[in-house]
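Close look at the chain arrangement
Each chain is listed here by its residues.
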Amino acid sequence: MTGYIITADHHIWALPELLSWQITYTGGVPCDCFSVTVPYEPDMLEKLHLAAGFTAYESGQVMLRGIVDEHEITLGSGGLTATVTGRGYAARLLDNESRPLTYQRATLADIIRGHVTPYGVTCGEMAAVTADTTYTVASGSSQWKALEDFCLTYGGFSPRFSREGKLLATPEKESGVCKVVGGETPVLSCTLRDDRYGVLTEVLVIDKTRSTSYTVRNQEMIDRGGQCRRVLYTPGQSTWAAMRYTGEYQIARSREDAFSIALELPGNFSAFPGDTVQLELKKLGLSGRYRVAEAENNFSPSGGATQTLILKERG
């Protein structure tokens, strides 16, 4: 893999041969991140000081575009090295706060124009979404939250970022890529996690202005013996549909991390968020199709190339 630094004064600088790296893909939040280590020479100091952007290439393809958060120069047993770390372009929206705003019948294009484009983010895909109610951006919200809440409330999806750093403001579709992991696949480790702590079984949504309420239940978790209730108060003038969605949304978010599989394999970049993994691991009793939610790729002289895929059930 090769890496390039984009400096604050708009120069592109090719990094020396990478000694080690870690690139993690999530597509959303927490956002993609990277760390690369290279041999250090004294003439690199000013370039690193001005480092603002980073691009990684593998076999001529862009593996990640991101922003530089930090660099570190180390003299140790491994010699003199420099390590550059940073995040994907979602960081530009996470790091900037929106002022309080109220929109009347806003479109997704309006939200992107006001909360995304001013921060140097290009939109690669955009769904045709229009708010059927007043949409309010609360004080203290990040630009990412302003965008994500709109997409979730009126489109039912979370926005994502491509490896090239472009915003994908559309519902995720299966990529068409399916990686099969079975008895003959070299698996370094596999860990299944099923954690019911914090998974909601019931949400009572109350609109105090209209003196109405709606209860949403998570019957699956109730049937498993769970008991975890929350009471939410919504802003005035909430529609029944919006109230029901709020409860369903809270339940869905509470169980997002309840079930996951961490699968460590040799090699790099064989799967990305949105891809499918077909598991046939009889020793663990695992058989089925899972969505890649996160993909961490590592390379070091001692450990070689490895990747850890975080798999979750498809919704």
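As a reminder, the structure under discussion sits directly above these lines.
What counts as what
- Residues numbered from 1 in each chain as written.
- Predicted model: local features only at pLDDT ≥ 70, side-chain atom pairs only at ≥ 80, totals over all residues.
- Heavy atoms only, no water.
- Helix = DSSP H or I, 4+ residues; strand = E, 2+ residues; numbered from the N terminus.
- Contact = heavy atoms within 4.5 Å.
- Pairing = 2+ DSSP bridges.
- Axes fitted to C-alpha atoms, helices over the stretch in contact; angles between N-to-C directions.
- Buried < 20%, exposed > 50% of the residue type's maximum accessible area, 1.4 Å probe, protein only.
- Phe/Tyr/Trp six-rings, centres within 6.5 Å; stacked < 30°, edge-to-face > 60°.
- Lys NZ or Arg CZ within 6 Å of the ring centre and 35° of its normal.

1. Structural notes on the environment of Gly267
Residue position: Gly267 is located in the loop between strand E18 (259-266) and strand E19 (276-281). With 30 residues separating them in the primary sequence, Gly267 and Asn297 have C-alpha atoms 8.1 Å apart. Once residues within four sequence positions are removed from consideration, Gly267 is found in contact with Ala305, Thr306 and Gln307.

2. Here we look at the pairing of E18
Consecutive side chains along a regular strand alternate between the two faces of the sheet. In this sheet, E18 lies alongside strand E14 (residues 189-194) in antiparallel orientation, the contact comprising six bridges. Opposite Arg193, over in E18, you have Ser260 as the bridge partner. Two strands pair when backbone bridges link them, and E18 and strand E21 (residues 304-312) are joined in this way by six bridges, in the antiparallel orientation. Bridge pairing in E21 places Ala262 opposite Ile310.

3. Thoughts on the sheet that holds strand E12 (residues 167-169)
Picture the strands of a sheet paired through backbone hydrogen bonds; they go either parallel or antiparallel. Across the sheet, which stays open at both edges, the three strands sit in the order E9-E12-E11 with mixed pairing between neighbours. Of all the strands in the sheet, the pair left with one neighbour each is strand E9 (123-126) and strand E11 (160-161). In the sheet, E9 pairs with E12 via three bridges, with the strands oriented parallel. From the neighbouring strand, Met126 faces E12, where its bridge partner is Ala169. With respect to the sheet, helix H3 (residues 108-115) is in contact with E9 and E12, its orientation differing from that of E9 by roughly 160 degrees.

4. Brief notes about unusual backbone geometry
Leaving glycine out, the prevailing phi sign among residues is negative, and the prevailing peptide bond configuration is trans. The residue after Val29, namely Pro30, is reached through a cis peptide bond having omega 0 degrees. Here Pro30 is to be found in the loop between strand E3 (20-25) and strand E4 (33-39). In this structure, His10 takes a positive phi of about 70 degrees despite not being glycine. In this structure, His10 sits in the loop between strand E1 (2-7) and strand E2 (12-14). At Ser59, a position not held by glycine, the phi torsion is positive, near 55 degrees. Looking at the element boundaries, Ser59 is found in the loop between strand E5 (51-58) and strand E6 (61-76). For Ser59, a relative accessible area of 73% corresponds to the exposed category.

5. Section: the packing of aromatic side chains
Going through the model one piece at a time under the given rule, you end up with 11 aromatic pairs. A centroid spacing of 6.0 Å and a plane angle of 85 degrees characterise the contact between Tyr135 and Tyr154, whose relative ring orientation is edge-to-face. Within this pair, whereas Tyr135 is found in strand E10 (residues 135-137), its partner Tyr154 is found in helix H4 (residues 143-155), the two being separated by 19 residues in sequence. As far as the burial class goes, Tyr135 and Tyr154 line up, both buried. Between Phe150 and Tyr154 the ring centres are 5.1 Å apart and the planes differ by 50 degrees, which places this aromatic pair in the tilted class. Here the residue Phe150 and the residue Tyr154 both occupy positions in helix H4, the gap between them amounting to four residues, near one helical turn. We classify Tyr154 as buried; its relative accessible area is 19%. Of the aromatic side chains, those joined through ring pairs into one cluster are Tyr103, Tyr135, Phe150 and Tyr154. Of note, Arg92 hangs over the ring of Tyr89, and the distance from its end group to the ring centre comes to 4.4 Å.

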